[in-house]
Amino acid sequence: MTTSFALHAMNDGLAEVIVPATGAASLAWLMIAIPLASAMILLLLGRSSDRWGHLLATCASWVSFIVGAVIVAQVLGADGGAHRMAHTLFTWIPAGDFSVDFGLLVDPLSLTFVMLVTFVGSLIHVYAIAYMEHDKDRRRFFAYLNLFIAAMLTLVLADSYAVLFVGWEGVGLASYLLIGFWNHVPANARAAKKAFVMNRVGDMGMLAAMMVMVANFSSVRFEDVTEGVATIPVAQATAIGIFLLVAACGKSAQFPLQAWLGDAMAGPTPVSALIHAATMVTAGVYLVVRSGAVYVAAPAAATAVAIIGAITLLFGAIVGSAKDDMKKVLAASTMSQIGYMMLGAGLGPIGWAFAIFHLFTHGFFKALMFLGAGSVMHGMADQVNMRRFGALRTVMKITWVTFMMGWLAILGVPPFSGFWSKDKIIEAAFAAHTFGSIEAPWIGWVYGLVALIGAGITAFYMSRLFFMTFHGRPRWTTEAEGSPVHPHESNALMTVPMIILAIGAIFIGGLMSIGDFFTNWLSPAIGGVHHGEPVMPVMAIQILTLVLVIAGAFLAWRMYGAGEVPTGVPAGNALTEAARRDLYQDDVNATLFVAPAAGLAKLATGGDRKAIDGAVGLVAKGSAGVGRLIAITQNGFVRAYASYILGGVVVALAIVLGFRL
């Protein structure tokens, strides 16, 4: 990529028109159908497929990748006007004037996600064959992985928000099943439930956005919304943008709906890699960039996206600096890096392509580090506490070297992949000049400095993780009993995927930057990168970023590489304690939402018991009382019954005579 951030707009910043799918693109549905069919087969056959289920699921994922690669080749070789293709499968919702077809949109944006999901996802499948080898439910695990892949591909290939919502809910279901896969442990079941509930909050935003779309456009197709959003009142466009942002916050774990992400580490480590690198948390960024026209028409909503991204990138970085659980550090890192992407997406045409570029490179190095964490756990008796690690480079050399590549990539050290993508978001942040309807140079300084500070903190906490795990002195004992642990390297099924991802972490960013390939590739779908002038020279931004990265890494080395790392958790200051508790986000949620909801439920339960149950009980008691009164008259004496008859006759005669008089 050129050293200058400023790139001239291509095609006047407009996406190409959509044409009917031809050739391999008309078979795009196979990428969804194959892993979905595999998942159904494994779930329906049950235990009878235990011996080969993992192999079928892995092959299904690789076949989807091959189909996707063929379609990418077709799009790359297409002449102008054939880069965006639509394929309608069937009419899904016929409702008078409103109708929704189940259709797919094949364009560079969707295909970028297809390649990331299928390639990285397939490597994770291979890794999981060994990682889950001794789990009695491995076949079911792989069925859920295939379901996850199929749902995410549905999400990114959809040609409308309604079809996207099917995939959106599919990844929510798959994440629930995988996070709680070991649900015999109550904490894991709670973590799955927490993720599921918080994502349903985001789903309300998606549903509300579609309602506003139908009210304004009588359609939820991307093309119709893109063409019509500039013609509706700004307030309506802003409502759509804000509702979509709520949806994105839930799915991509952005503030204030990010509290589920750390708990999601309860699932097996391959799940963590899939959620954080290739599937679920990337969906929110995709949604915002795919809806770019909405945010162009609604500057206030776009500013909200950028603000949420800026808050979250710092939030995740601060939390990651205090965690001792290796996987939770990586989870906080994902939250922070997705924050960078959301910041870029909120900057509009100057940041869309770079947000997707960072998402793509991040998929490689974050998957690598999660798989590296799984390798460490495999060799350290499933422990995740970094205070019990140290010096693992001496016995896990492949894991150490490959993890190092991911570490350098996320730090943004040139020429590793993160340098080519994250640094471009930082440069775009310094080029920002709008805050809603306000235009001023100070806006670039605010966004830019936030992004810079985030880079420095990222260097610190990721270096802390790296040095605590692989350097220093050995602290190889179990946390509970203090028994010795004998770490060892993982087998080839686990290390080979890590090596391939490490190669991607090193080279993919630089290769995609040659001749601005990646931004040119995306331009038919999202338009070209608009011209933007940072408030300070690009070279100065790059140097300042690198200085902060080196400073953060050096500080971590002094504290956790060269310094002594206690096996117990030392007392910390107020900020450290807050970060260890996720900046009290769970406490805030418990106070503002959980406690009132529990109180309301208790009140409703009490009202139900006293009012409804009480009324029912009163009717029953009244009926019983009436029955007892009537029972008195049923004494079995003939003279009593004769007197009742005589009394009745007297009363009847009195009534008749009364009416006649």
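Now for a look at the structure at hand.

Details of the side chain of Thr-279
Okay, so step 1: With respect to the element layout, Thr-279 can be found in the loop between α10 (269–278) and α11 (283–290).
Okay, so step 2: The contacts of Thr-279, once residues within four sequence positions are left out, are Val-117, Phe-148, Met-152 and Leu-274.

Digging into the sheet that holds strand β1 (residues 19–20)
Pairing between the strands of a sheet comes from backbone hydrogen bonds, and it takes one of two forms, parallel or antiparallel.
Okay, so step 1: The 3 strands lie next to each other as β1-β2-β3, forming an open sheet whose pairing is mixed. The strands lining the two open edges of the sheet, one partner per strand, are β1 and β3 (98–106).
Okay, so step 2: Against the sheet, helix α5 (residues 161–179) contacts β2 (85–95) and β3, and its axis sits at roughly 70 degrees relative to β3.

Focus: the pattern of salt bridges
Okay, so step 1: For the coordinates displayed, the defined rule picks out 20 salt bridges.
Okay, so step 2: With a closest N to O distance of 3.2 Å, Lys-424 and Glu-427 form a salt bridge. Of this pair, Lys-424 and Glu-427 both sit in helix α17 (residues 417–430), 3 residues apart, roughly one helical turn. Across the pair, Glu-427 and Lys-424 agree in class, each one buried.
Okay, so step 3: Its salt-bridge partner being Glu-577, residue Arg-580 comes within 2.7 Å of it at the nearest N-O pair.

Overview of the nonpolar core
Okay, so step 1: Grouped together as the largest cluster of nonpolar side chains are 213 residues, with contacts concentrated most on Tyr-161 and Met-206.
Okay, so step 2: Sort the elements by how many residues they give to this core and helix α15 (residues 352–379) lands first, with 18 residues.
Okay, so step 3: The contacts of Tyr-161, once residues within four sequence positions are left out, are Met-206, Met-210, Met-213, Val-220, Phe-222, Val-225, Leu-244, Leu-287 and Ser-291.

Remarks on a nonpolar patch on the surface
Okay, so step 1: A contiguous nonpolar surface patch, about 560 Å² in accessible area, is contributed by Leu-27, Trp-29, Leu-89, Phe-90, Trp-92, Ile-93 and Val-166.
Okay, so step 2: Examining the composition of the nonpolar patch, we find that 4 residues originate from one element, β2, more than from any other.
Okay, so step 3: Along the chain, Phe-90 falls in strand β2.

Examining helix α21 (residues 538–561)
Okay, so step 1: Between the first and last C-alpha of α21 there are 33 Å, a value that for 24 residues agrees with the 34 Å anticipated at 1.5 Å per step.
Okay, so step 2: Taken as a whole, α21 has its buried residues at Val-538, Ile-541, Gln-542, Thr-545, Val-549, Gly-552, Ala-553, Ala-556, Tyr-560 and Gly-561.
Okay, so step 3: Looking at the buried residues of α21, the elements they touch are α16 (397–411), α17 and α18 (442–470).

Observations regarding the environment of Phe-507
Okay, so step 1: Here Phe-507 shows up in helix α19 (residues 492–513).
Okay, so step 2: For Phe-507, a relative accessible area of 48% corresponds to the partly exposed category.
Okay, so step 3: Along the sequence, Phe-507 and Gly-418 sit 89 residues apart, while their C-alpha atoms lie 10.0 Å from each other.

Considering the packing of α11 against helix α14 (residues 326–346)
Okay, so step 1: Close contact between α11 and α14 brings their axes to 10 Å; oriented N to C, the two are set at 5 degrees. In terms of orientation, α11 lies roughly parallel with respect to α14. Across from Gly-284, Val-285, Val-288 and Val-289 in α11, the residues of α14 making contact are Ile-338, Met-341, Met-342 and Ala-345.
Okay, so step 2: Taken together, the residues that form the contact of α11 with α14 break down as 7 nonpolar, 1 polar and no charged.

Brief notes about the packing of α5 against α11
Okay, so step 1: Taken N-terminus to C-terminus, the directions of α5 and α11 make an angle of 175 degrees; their axes are 12 Å apart at the nearest point. Overall, the two elements α5 and α11 adopt an arrangement that is roughly antiparallel. Of α11, the residues touching α5 (which contributes Tyr-161, Leu-164 and Trp-168) are Ala-283, Gly-284, Tyr-286 and Leu-287.
Okay, so step 2: A class-by-class count of the residues in the contact of α5 with α11 yields 6 nonpolar, 1 polar and no charged.

Parameters and conventions
Position numbers for residues count from 1 along each chain, tracking the sequence in the order it is written. Under the rules for a predicted model, residues below a pLDDT of 70 receive no local features and side-chain atom pairs below 80 are neither given nor counted, while totals for whole chains, interfaces and linings still include all residues. As a rule here, side-chain values cover all heavy atoms of the structure and leave hydrogens and water aside. Under the DSSP-based scheme used, a helix requires at least four consecutive residues in state H or I and a strand at least two consecutive residues in state E, with every element numbered from the N terminus. Here a residue-residue contact requires only that any non-hydrogen atoms of the pair lie within 4.5 Å. Whether two strands pair comes down to DSSP finding at least two bridges between them. Where helices are involved, their axes are fitted lines through C-alpha atoms of the stretch in contact, as for all axes, and angles between N-to-C directions lie from 0 to 180°. Salt bridges are counted wherever a side-chain nitrogen of Lys or Arg sits within 4 Å of a carboxyl oxygen of Asp or Glu. Buried, partly exposed and exposed residues are distinguished by accessible area as a fraction of the type maximum, computed with a 1.4 Å probe on protein chains only: under 20%, between the cut-offs, and over 50%, respectively. The nonpolar core is taken to be a set of buried Ala, Val, Leu, Ile, Met, Phe, Trp, Tyr and Cys residues, with the residues joined through side-chain atoms within 4.5 Å. Think of a patch as exposed residues, more than 30% relative accessible area, with no salt bridge, where like charges cluster within 9 Å and nonpolar side chains (Val, Leu, Ile, Met, Phe, Trp, Tyr) cluster within 5 Å. Residue-level accessible areas treat just the shown protein chains as cover; the underlying method is Shrake-Rupley with a 1.4 Å probe. Residue count minus one, scaled by 1.5 Å, sets the expected span of a helix. Angular relationships are summarised with four words: roughly parallel below 35 degrees, roughly antiparallel beyond 145, roughly perpendicular across 65 to 115, and oblique for the angles in between. Residues are grouped as follows: Ala, Val, Leu, Ile, Met, Phe, Trp, Tyr, Cys and Pro are nonpolar; Asp, Glu, Lys and Arg are charged; every other residue, Gly included, is polar.

Keep in mind these values describe shape, not function.
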